[in-house]
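Here is how the chains run, residue by residue.
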Amino acid sequence: MAACALRRGLLSGVSKYSRKHSHRILSVTDINSCFEVYKPRLQCRACGLLGGVQQKRFMSSRPEGKILEPVGVFEAVKQHGKYETGQLFLHSVFGYRGIVLFPWHARLYDRDITPPVSDSKPEPPGAHGSKEVKGKTHTYYQVLIDTRDCPHISQRSQTEAVTFLANHDDSRALYAIPGLDYVSHEDILPYNSAEQVPIQHELFERFLMYNPAKSPPFTPRDTLKAWQEKNHPWLELSDVHRETTENIRVTVIPFYMGMREAQNSHVYWWRYCIRLENLGSEVVQLRERHWRIFSLSGTLETVRGRGVVGREPVLSKEQPAFQYSSHVSLQAPSGHMWGTFRIERTDGSHFDVRIPPFSLESNKDDKAPPAGYTF
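Treat the numbers as computed from the prediction; the structure is a model and nothing was measured.

Caption draft 1: Local environment of the overall build of the protein chain. Within the protein chain one finds four helices and 21 strands. Summarising the internal contacts of the protein chain: among those between residues at least 6 apart in sequence, 70% fall at separations of at least 24.

Here it is in structure tokens:
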């Protein structure tokens, strides 16, 4: 039974496919490696376009006729436990092929669930509503994305999920590593393959080796273990925040990136990854963003703008999700962010979708740039 995805719409409905039937995957022509280090300029407020981005755009000259080929065999989805390093999978929402590097155990704060008030996490000052949320442990995975699929998910999900500050005099410089992502346990559709190199990514053979005696047959090299250990503070996923408004679910994952000195003051940087997901059947479009940014220094900033990262994505039953990352800075070691997205229906009416409030917390120790980012 062959694993499957349609590489144009990229498997928006793969979770609906019956595993009792064979499906095939659309191959794409060769493209440049998705692992390229590039240097954009940080935008220091909530999520317009990155200024002066020198981003490599992937182009693919696809054949006129769709070529289908099998890539592997679906395995049973794990209802309990976690997937191991080397597990091949299809992303159930975005449809790309990937492989698990290692798991993270995060605290998921789901505002769609009403838990007991005790041991809950309080709302930031001035945030909307008064609901308190209790976190629960949830498994996410650091994964490699197959570079052949990067061009076909670029309009739905960014493929540079890991970013960090550069180690030189330019305190606003940012580096990104394309082809890495954080994937929730329920988005993993596991499969196996007879290929010794089933995923195309610059880091695949540097991080993993083929071992047919193991299951899955890809085991971590010492380079992967060393990379994880040295870069743990930059990669670590700790808190995930989720809330649904009128069938539009917003998930936020914040990451602390470090501190830089600027004009005799300290500037603290965070990256946040946001996923919008249409759980209904109505076609809608994101039109505006409205952020509130509270700093421990006592400032409260409001940011409004069109779309997100220069886009106004349409969320439909066929393409239900959009995922992006952006960055924010504070002149204080902690703060909070929350806000709304203005969503437009096909009849022209609008409604606001809540962005769950999330903390911006700095680590006690200043971070040095990660090791080995010049792979």
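Read on, since the account is not over.
Caption draft 2: Examining the pairing of strand β20 (residues 334-345) more closely. With 11 of 12 residues buried, β20 is to be regarded as a mostly interior element. In the sheet, strand β16 (residues 284-295) pairs with β20 via 11 bridges, with the strands oriented antiparallel. Bridging across to β20, V284 finds its partner in R345. As judged from the 10 bridges shared by β20 and strand β21 (residues 350-361), these two strands associate in the antiparallel manner. Directly across from E344, in β21, lies its bridge partner H350. Following β20, the chain reverses through four residues before pairing antiparallel with β21; G348 in that reversal takes a positive phi of roughly 95 degrees.

Caption draft 3: Focus on the pattern of salt bridges. Per the stated rule, a full pass over the model turns up 18 salt bridges. For R206, the salt bridge goes to E202, with nearest N and O atoms at 2.7 Å.

Caption draft 4: Main features of the environment of E84. Assignment of secondary structure puts E84 in the loop between β3 (73-74) and β4 (88-91). Spatially, the C-alpha atom of E84 lies 7.0 Å from that of F102, the residues being 18 residues apart in sequence. Among residues more than four places away in sequence, those in contact with E84 are V100 and P216.

Caption draft 5: Quick peek at the nonpolar core. The biggest cluster of nonpolar side chains holds 31 residues, and the ones touching the most others in it are I99, L101 and L237. By residue number, the principal contributor to this core is strand β5 (residues 97-110), which donates six residues. Among all residues touching L237, those that are not within four sequence positions of it are W104, H105, A106, Y140, Y182, I253 and F255.

Caption draft 6: Local environment of the packing of aromatic side chains. Scanning the model with the defined rule gives 14 aromatic pairs in all. Both rings, one in W291 and one in F341, keep their centres 6.4 Å apart while their planes meet at 85 degrees; by these two values the pair is edge-to-face. In this pair, W291 is assigned in strand β16 and F341 in strand β20, connecting sequence segments 50 residues apart. A network of ring pairs unites the aromatic residues Y272, W291, F341 and F358 as a single cluster. If you follow R271 out to its NZ or CZ, it ends over the ring of F255, 4.1 Å from the centre.

Caption draft 7: Representation of the confidence of the model for the protein chain within the structure. Per-residue confidence for the protein chain gives a mean pLDDT of 78, with 70% of residues at or over 70. Low pLDDT, under 50, characterises residues 2-64; the predicted model gives this stretch 196 contacts beyond four residues in sequence or across chains. Here residues 369-375 is a poorly scored stretch, pLDDT under 50, and it has 18 contacts once near neighbours within four places are set aside; other chains count.

Caption draft 8: Representation of the pairing of strand β10 (residues 188-192) within the structure. Extensive coverage of β10 is indicated by the burial of four of its five residues. Where β4 and β10 come together, four bridges link them in antiparallel fashion. Within β10, the position partnered with L88 by the bridge is Y191.

Caption draft 9: Seen up close, the side chain of D110. The residue D110 is located in strand β5 in this model. With relative accessibility at 10%, the residue D110 sits in the buried group. Reaching out from D110, the side chain makes a polar contact with the backbone nitrogen of D112 at a distance of 2.9 Å. Leave out the neighbours within four places in its chain, and D110 touches V133 and R242.

Caption draft 10: Region of the structure containing the environment of V283. Within the fold, V283 resides in the loop between β15 (265-278) and β16. Counting along the chain gives 35 residues from V283 to E318, while the straight-line C-alpha distance between them is 9.4 Å. Not counting residues within four places of it along the chain, the set of residues in contact with V283 comprises V314, L315, S316, E344, R345 and T346.

Caption draft 11: Main features of unusual backbone geometry. The omega angle of the peptide bond from S215 to P216 is 0 degrees, so this bond is cis rather than trans. Unusually for a residue other than glycine, E246 sits at a positive phi of about 45 degrees. Mapped onto the secondary structure, E246 falls in the loop between β13 (239-245) and β14 (248-262). One non-glycine residue with positive phi stands out, namely V309, at about 40 degrees. Along the chain, V309 turns up in the loop between β17 (300-306) and β18 (314-315). We classify V309 as buried; its relative accessible area is 13%.

Parameters at a glance
Residues numbered from 1 in each chain as written. Predicted model: local features only at pLDDT ≥ 70, side-chain atom pairs only at ≥ 80, totals over all residues. Heavy atoms only, no water. Helix = DSSP H or I, 4+ residues; strand = E, 2+ residues; numbered from the N terminus. Contact = heavy atoms within 4.5 Å. Buried < 20%, exposed > 50% of the residue type's maximum accessible area, 1.4 Å probe, protein only. Pairing = 2+ DSSP bridges. Salt bridge = Lys/Arg side-chain N within 4 Å of Asp/Glu carboxyl O. Core = buried A, V, L, I, M, F, W, Y, C linked by side-chain atoms within 4.5 Å. Phe/Tyr/Trp six-rings, centres within 6.5 Å; stacked < 30°, edge-to-face > 60°. Lys NZ or Arg CZ within 6 Å of the ring centre and 35° of its normal. pLDDT = per-residue confidence, 0-100. Polar contact = N/O pair within 3.5 Å; in protein donor to acceptor, adjacent residues only side chain to side chain.

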